[in-house]
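Examination of the molecular architecture
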Amino acid sequence: MTTAIPNPGLGTFRLKGEDLKSAVTEALDLGYRHIDTAQIYENEAEIGDLLATSGVDRSELFITTKVWYTNLTRDAFIPSVRESLAKLKTDYVDLLLIHWPSPDDEVPMEEYISQLLEARQLGLARNIGISNFTIEQMQRAIHIAGEGEILTNQVEVHPFLQNNAVVEFCQRNNIVVTGFMPLAVGKVLEDKTLARIAEQRSASIPEVVIAWLKHREIVVIPSSTKRAHLASNLECVDLVLSENEISEIETLDRDERIADPDFAPIWDR
Ligand SMILES: NC(=O)c1ccc[n+]([C@@H]2O[C@H](COP(=O)([O-])OP(=O)(O)OC[C@H]3O[C@@H](n4cnc5c(N)ncnc54)[C@H](OP(=O)(O)O)[C@@H]3O)[C@@H](O)[C@H]2O)c1
């Protein structure tokens, strides 16, 4: 049976210090149990401290971290995961992701996908997955890991980058889509169509966007430092949009990608 990824999770990119503390503390208090971090966010140790003193039992938490692309070699991979676990103050993560495919296949995919499997085999990760993988890269990863082994592909998805080809491929292959930057890092707040739908529904724009992603069966990991935002992002999964509203949101796709570093793969269109 596929592991359920708690939806929504709490994104923690860019969060450190007091912002991170209030985000994690308020989120846990509101009932969030899924926390998304990464080696490169440099906040694993702070998150580890916050979780250790939160009073929430480890067994209730769903912690995701991601191996940075400089740690994909056989020599670096498992030591880097152990370092993440030491910082997070836990013996295992619930989900371990390859943050980005190795740029230009500098490290062969066979090498780092087998390390990912090894991390799970060693009990360092309960589930494994990938992030920012294209369809061609997912096909290779499935071939290496075997069908049904990759729980999720975490990719950018929001109304302005709907990522239909990747989402369809994942869902056809039983790979859960986790959508990062679901609110386009706040840009959704400026959109007139979303504002109109939100007004009709007496909801906020983020609530409409999260409900639309839920309709697409996409797990979301929005980040927020504000209790009211965290609360509404958690509760709005109950909002059901009409077919008309969904069609209107579909027209907003404009292939607008925010996370597009120079080492990114050639994206599917
Ligand atoms: N795998 C990858 O390569 C990758 C890349 C990027 C991000 N991620 C993950 O995805 C997570 C989410 O992405 P993100 O944090 O960049 O962007 P995001 O979740 O799309 O947007 C975050 C912004 O939206 C605002 N916001 C959140 N809820 C709101 C609400 N209900 N009403 C109004 N404003 C709201 C927040 O401000 P306030 O604090 O004021 O609420 C924050 O500025 C990251 O934290 C990270 O964990 C993964």
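Residues numbered from 1 in each chain as written. Predicted model: local features only at pLDDT ≥ 70, side-chain atom pairs only at ≥ 80, totals over all residues.

Turning our attention to the pairing of strand 4 (residues 93-98). Burial within strand 4 is extensive, with six of its six residues counted as buried. As paired elements, strand 3 (residues 62-67) and strand 4 share four bridges and run parallel to each other. From the neighbouring strand, Thr64 faces strand 4, where its bridge partner is Leu95. Read as a crossover between parallel neighbours, the route from strand 3 over helix 3 (residues 74-88) to strand 4 is right-handed. Judged from the five bridges that link them, strand 4 and strand 5 (residues 125-131) form a sheet pairing that is parallel. Its bridge partner lying in strand 5, Leu95 is registered against Asn127. The parallel pair strand 4 and strand 5 is bridged by helix 4 (residues 109-121), and the resulting crossover is right-handed. (Buried ≥ 20, exposed ≤ 12 C-beta atoms within 10 Å, placed from the backbone. Helix = DSSP H or I, 4+ residues; strand = E, 2+ residues; numbered from the N terminus. Pairing = 2+ DSSP bridges. Right-handed = clockwise from strand over helix to strand, strands pointing away.)

Here we take up helix 2 (residues 44-52). Since the α-helix turns once every 3.6 residues, residues separated by three or four places project in the same direction. Those residues of helix 2 that sit buried are Glu44, Glu46 and Ile47. An end-on view of helix 2 places all buried positions within 160° of arc, on one side of the element. Check the buried side of helix 2 and you find it contacts helix 1 (17-30), strand 2 (34-36), strand 3 and helix 3. (Arc of directions from axis to C-beta. Contact = placed C-beta atoms within 7 Å.)

Of note, Glu60 is situated in the loop between helix 2 and strand 3. A count of 10 C-beta atoms within 10 Å places Glu60 in the exposed class.

Right, let's talk about the nonpolar core for a bit. Within the largest apolar cluster, 68 residues are counted, with the highest numbers of intra-cluster contacts made by Val24, Leu96, Tyr112 and Val209. For this core, the element with the most residues is helix 8 (residues 205-215), which contributes seven residues. When residues no more than four places from it in sequence are discounted, the contact partners of Val209 are His158, Pro159, Pro182, Leu183, Val188 and Leu194. (Core = buried A, V, L, I, M, F, W, Y, C linked by C-beta atoms within 7 Å.)

On to the site of the ligand, then. Looking at the ligand, there are 27 residues lining it, with Gly11, Phe13, Phe180, Ser223 and Ser224 nearest. The leading source of residues in the shell around the ligand is helix 9 (residues 227-235), at three residues. Looking at the shell around the ligand, its residues break down into eleven nonpolar, 14 polar and two charged. (Near = placed C-beta within 6 Å. Nonpolar A, V, L, I, M, F, W, Y, C, P; charged D, E, K, R; others polar.)

Let's shift gears to the packing of helix 3 against helix 4. Angle between the axes and distance between the axes: these two values describe a pair of packed helices. Contact geometry for helix 3 and helix 4: axes closest at 10 Å, N-to-C directions at 30°. Remark: the crossing between helix 3 and helix 4 carries right-handed chirality. On the side of helix 3, the interface is formed by Arg74, Phe77, Ile78 and Val81, while helix 4 contributes Glu111, Tyr112, Gln115, Glu118 and Ala119. Each residue belonging to the contact of helix 3 with helix 4 can be placed in one class, and the counts come to five nonpolar, one polar and three charged. (Axes fitted to C-alpha atoms, helices over the stretch in contact; angles between N-to-C directions. Left-handed = near helix turned anticlockwise from the far one by under 90°.)

To continue, consider the pairing of strand 5. The buried fraction of strand 5 amounts to six of the seven residues, a majority that puts the element mostly inside the structure. Bridging between strand 5 and strand 6 (residues 150-156) involves three bridges; their strand directions are parallel. The residue bridging Ile130 from the neighbouring strand is Asn153, located in strand 6. With respect to chirality, the unit in which strand 5 leads through helix 5 (residues 135-145) into the neighbouring parallel strand 6 is right-handed.

Everything listed here is a matter of geometry and, on its own, says nothing about what the molecule does.
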